[in-house]
Amino acid sequence: MGRMTATSRPKRVLLAAPRGYCAGVDRAVIAVEKALEQYGAPIYVRHEIVHNKYVVQTLEKKGAIFVDQATEVPPGNIVMFSAHGVAPSVHKEAADGKLATIDATCPLVTKVHKEAVRFAKEDFDILLIGHEGHEEVIGTSGEAPDHITLVDGPEDVANVTVRDESKVVWLSQTTLSVDETMETVDALKEKFPQLISPPSDDICYATQNRQIAIKELAGQAELVIVVGSKNSSNSIRMVEVAKQAGAPDAHLVDFASEIDEAWLEGVTTVGLSSGASVPDVLVEEVLEWLSARGYGDVEIVKTADESLTFSLPKELRRDLRAEAAELVKE
Ligand code: 0K2
Ligand code: SF4
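First, a word on scope: everything that follows refers to the structure included in this document. Every value quoted in this text rests on a predicted model; they were computed, and no experiment measured them. (Residues numbered from 1 in each chain as written. Chains lettered and ligands numbered in written order. Predicted model: local features only at pLDDT ≥ 70, side-chain atom pairs only at ≥ 80, totals over all residues. Heavy atoms only, no water.)

Turning to the site of ligand 1, a few remarks are in order. Taken together, 15 residues form the shell around ligand 1, and within it His51, Ser232, Ser233, Asn234 and Ser277 come nearest. Taking Glu136, its side chain carries an N or O atom lying 3.5 Å from an oxygen atom of ligand 1. Residue Asn234 places a side-chain N or O atom 2.7 Å away from an oxygen atom belonging to ligand 1. Here ligand 1, which alone exposes 370 Å², has 96% of that area covered by the protein. Of the pockets mapped on this structure, ligand 1 occupies the largest cavity. Here the shell around ligand 1 is built from residues that sort into four nonpolar, ten polar and one charged. (Near = heavy atom within 4 Å. Polar contact = N/O pair within 3.5 Å; in protein donor to acceptor, adjacent residues only side chain to side chain. Areas by Shrake-Rupley, 256 points an atom, 1.4 Å probe, with all protein chains shown as cover. 1 Å grid on protein atoms, 1.4 Å probe; cavity = no way out; pocket = protein on both sides within 12 Å on 5 of 7 lines; lining within 4 Å. Sits in = over half its atoms within 2 Å of the grid points. Nonpolar A, V, L, I, M, F, W, Y, C, P; charged D, E, K, R; others polar.)

Here's what the structure looks like:
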């Protein structure tokens, strides 16, 4: 019997589990839908509720209006804050602008905000590992701007200075690469041996689980496709992690229509996953696209079970239209 060649092996897809929506995204997207149902359009949303093109377009069709700043919203309206969190100054802008607010910040982001506030109160220098300009980092930094220094990866460590080397703690954005963050922490510890670690993981369970699953399939796939938007930190990290874990080729796509047929050349096994802000309908479309090209055999690569859910923002239990109308009367 001759050995099987790459061409005679059946084409297949390794589908990562867990993938897609995390508990914080699910809560945030449902919160916008519920707000539209209960209060009617328009519901203003400051920043993309989650970093996903399809989600934003779908909610826009239902009456959500996305704005960059709360100051753009006309007084007497309802504004929602995105899953990535906001600085206290944004709450103030909304109050000054006579807006009723719904806060869809993920509770796991709020946890990092609280850590920042606590360490700042104790007068620690806080080294926040994260990507410059990312919405979550802007929000967390805004909790204690005088105490927080951003560290954007291992190569940034050389520039970091602190007031007192015996009172330094590191915190992080929730959606980073676990491995790269550990590299940054190691470099920081070398520079500041007394550096304290956060009381619990700041990189959230969903980010970690999606990276573990993609690592598992990356070594067996010649091509990895991650469904997610180009501004989604956790989705971008998954592409990087797949390449670091041995996938010869990996791409981020918003929609099946963005896949280039040329990527499939010589490919027997395609690895497929999606970021934490991606509805599974988009993954299903990619599966159909692949199936139409001979990749109909789908194997699930499961590395964890997820069951976490969060309750909806408590503001949804109030009559926010009436409250917003009262604000403009004052
Ligand atoms: O990964 P990102 O922080 O860029 O954000 P999304 O793609 O919207 O994913 C949800 C995470 C939101 C907060 O952690
Ligand atoms: Fe929350 Fe993590 Fe999801 Fe961000 S990725 S919304 S921190 S569960």
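Moving on, we get to the pattern of salt bridges. For side chains bearing opposite charge, pairing can occur when the charged atoms are close. Tallying each qualifying case throughout the model produces 17 salt bridges. Here Glu299 ties to Arg12 by a salt bridge, and the two come within 3.4 Å at their closest N and O atoms. You can see Glu299 sitting in strand S12 (residues 297–302) and its partner Arg12 sitting in strand S1 (residues 12–17), a full 287 residues away along the chain. Several salt bridges share partner residues, and in doing so they unite Asp123, Asp125 and Arg163 into one network. (Salt bridge = Lys/Arg side-chain N within 4 Å of Asp/Glu carboxyl O. Helix = DSSP H or I, 4+ residues; strand = E, 2+ residues; numbered from the N terminus.)

Moving on to the site of ligand 2. Every residue close to ligand 2 is listed here: Cys22, Gly24, Val25, Cys106, Leu108, Val109, Thr174, Thr175, Cys204 and Tyr205. In this structure the site holding ligand 2 corresponds to the largest cavity. For the shell around ligand 2, the elements supplying multiple residues, two or more each, are helix H1 (23–39) and helix H4 (107–121). Of the residues that constitute the shell around ligand 2, the class distribution is seven nonpolar, three polar and no charged.

In short, the description is geometric, and any link to function would need to be established separately.
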